[in-house]
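Given next are the chains, with one letter for each unit.
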Amino acid sequence: MVYRVLHYGEEPLRNESQPVEKIDNDIRRLVEDMFETMYASNGVGLAAPQIGKNIRLAIIDTGENPLVFINPEIVKSSGKEICDEGCLSFPGLSEKVQRATRVVARATNLEGQKFEIEAEGLLARAIQHELDHLDGVLFIDRISKARRLQIKHDLELIQEGHSLLEDDEESES
Ligand code: NI
């Protein structure tokens, strides 16, 4: 089942999410639906709050293999890198965001096993982005105040439920 991805302005995106207590059939089903939802929107990551569930669960697929992060935490990060970043909750918006270049994260997988992953590049960025979602932090919180003011109108459009992509297409035709 493909969920509707919440957009900027919807409350669950700003909530602190609660740890997953038990990996049961509901969670397994939810993860399956999250992958379906993410692939349907061509995303590389999706956090549970983005479909209105405030639990500490996120998925990532940067094209190598699908990863499930249950109750994840970043235990080490190093380096700094500024790259373009987007978010399925901000359709059409892309902003330069500074993140750590490398991270080590710990989480539990769908089989209930704890794992540690060392990542860099896009995967490291995706891990930081998705983990932020679990704390109610959005990528626009990590750009400058001045830049946020510049894109105020775009943010308002998204908040009203528009996609910047659709608007661009409309203005071209
Ligand atoms: Ni996001």
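It should be emphasised that the depicted structure is a prediction, and the values quoted were computed from it without experimental measurement.

Undergrad: Tell me what's going on with the environment of Gly86, and back it up with residues and numbers.
TA: Take Gly86: it is sitting in the loop between β4 (81–85) and β5 (95–99). In the structure, Gly86 is positioned 61 residues away from Asn25 in sequence and 31 Å away in space, judged by C-alpha atoms. Once residues lying within four places of it in the same chain are set aside, the contact partners of Gly86 are Leu93, His129 and Phe139.

Undergrad: Let's hear about the layout of surface pockets: which residues, and what values?
TA: If you add up the space inside the largest pocket, you get close to 430 Å³. In terms of lining, the largest pocket is formed by 26 residues, of which the most central are Val44, Glu85, Gly86, Cys87 and His129. Secondary-structure elements contributing two or more residues to the lining of the largest pocket are β4 and α2 (121–134). Residues that form the lining of the largest pocket fall into these classes: 10 nonpolar, 11 polar and five charged.

Undergrad: Give a detailed account of the sheet that holds strand β3 (residues 67–78), specifying residues and quantitative values.
TA: Read from one edge of the open sheet, five strands run β1-β2-β3-β6-β7, paired in antiparallel fashion. What marks the edges here is a single partner per strand, and that holds for β1 (45–47) and β7 (114–120). Taken over all neighbouring pairs, the strand axes of this sheet differ in orientation by 35° on average, direction set aside. Where β1 and strand β2 (residues 57–60) come together, three bridges link them in antiparallel fashion. Residue pairing across strands places Leu46 opposite Ile59, the latter belonging to β2. Along the sheet, helix α1 (residues 25–40) makes contact with β1, β2 and β3, crossing β2 at roughly 45°.

Undergrad: Summarise the nonpolar core; cite the residues concerned and give the values.
TA: Counting 17 residues, the largest nonpolar core has Val31, Met34, Leu46, Leu57, Ile59 and Val68 as its most contacted members. The set of elements that each furnish at least two residues to this core consists of α1, β2 and β3. The greatest single-element share of this core, amounting to six residues, is contributed by α1. In contact with Ile59, not counting residues within four places along its chain, are Val31, Met34, Phe35, Met38, Val44, Gly45, Leu46, Leu67, Val68 and Glu130. Within the second largest apolar cluster, 16 residues are counted, among which are Leu6, Ile151, Leu155 and Leu164.

Undergrad: Before we move on, can you summarise the packing of aromatic side chains with the specific residues and values?
TA: Two numbers describe a pair of aromatic rings. These are the distance of the centres and the angle of the planes. Within the structure shown, the criterion is met by four aromatic pairs. Relative to Phe90, the ring of Tyr8 has its centre 5.0 Å away and its plane inclined at 25°; by these criteria the two rings are stacked. Here Tyr8, found in the segment before α1, pairs with Phe90, found in the loop between β4 and β5; they are 82 residues apart in sequence, far enough to count as distant. Residue Phe90 is classed as buried on the basis of its relative accessible area of 0%. An aromatic cluster of at least three residues, connected via ring pairs, comprises Tyr8, Phe90 and Phe139.

Undergrad: Explain the environment of Phe139 to me, using residue names and the numbers behind them.
TA: As for its position among the elements, Phe139 is in the loop between α2 and α3 (145–150). By relative accessible area, Phe139 is classed as buried at 1%. Considered as a pair, Phe139 and Lys96 are 43 residues apart in the sequence and their alpha carbons are 9.4 Å apart. Excluding residues that lie within four positions of it along the chain, Phe139 makes contacts with Glu85, Gly86, Cys87, Phe90, Leu93, Glu95, Val97, Arg99 and His129.

Undergrad: Outline the side chain of Arg125, listing residues and values.
TA: Assignment of secondary structure puts Arg125 in helix α2. The exposure class of Arg125 is buried, given its relative accessible area of 6%. A distance of 2.7 Å separates the side chain of Arg125 from the side chain of Glu85, its partner in a polar contact. Setting aside anything within four residues of it in sequence, one finds Arg125 in contact with Glu81, Ile82, Cys83, Asp84, Glu85, Val97 and Arg99.

Reading the values: the criteria
Residues numbered from 1 in each chain as written. Predicted model: local features only at pLDDT ≥ 70, side-chain atom pairs only at ≥ 80, totals over all residues. Heavy atoms only, no water. Helix = DSSP H or I, 4+ residues; strand = E, 2+ residues; numbered from the N terminus. Contact = heavy atoms within 4.5 Å. 1 Å grid on protein atoms, 1.4 Å probe; cavity = no way out; pocket = protein on both sides within 12 Å on 5 of 7 lines; lining within 4 Å. Points joined across faces, edges and corners; volume = space filled by probe spheres on them. Nonpolar A, V, L, I, M, F, W, Y, C, P; charged D, E, K, R; others polar. Pairing = 2+ DSSP bridges. Axes fitted to C-alpha atoms, helices over the stretch in contact; angles between N-to-C directions. Core = buried A, V, L, I, M, F, W, Y, C linked by side-chain atoms within 4.5 Å. Buried < 20%, exposed > 50% of the residue type's maximum accessible area, 1.4 Å probe, protein only. Phe/Tyr/Trp six-rings, centres within 6.5 Å; stacked < 30°, edge-to-face > 60°. Polar contact = N/O pair within 3.5 Å; in protein donor to acceptor, adjacent residues only side chain to side chain.

Remember that the coordinates give geometry; whether it matters functionally is a separate question.
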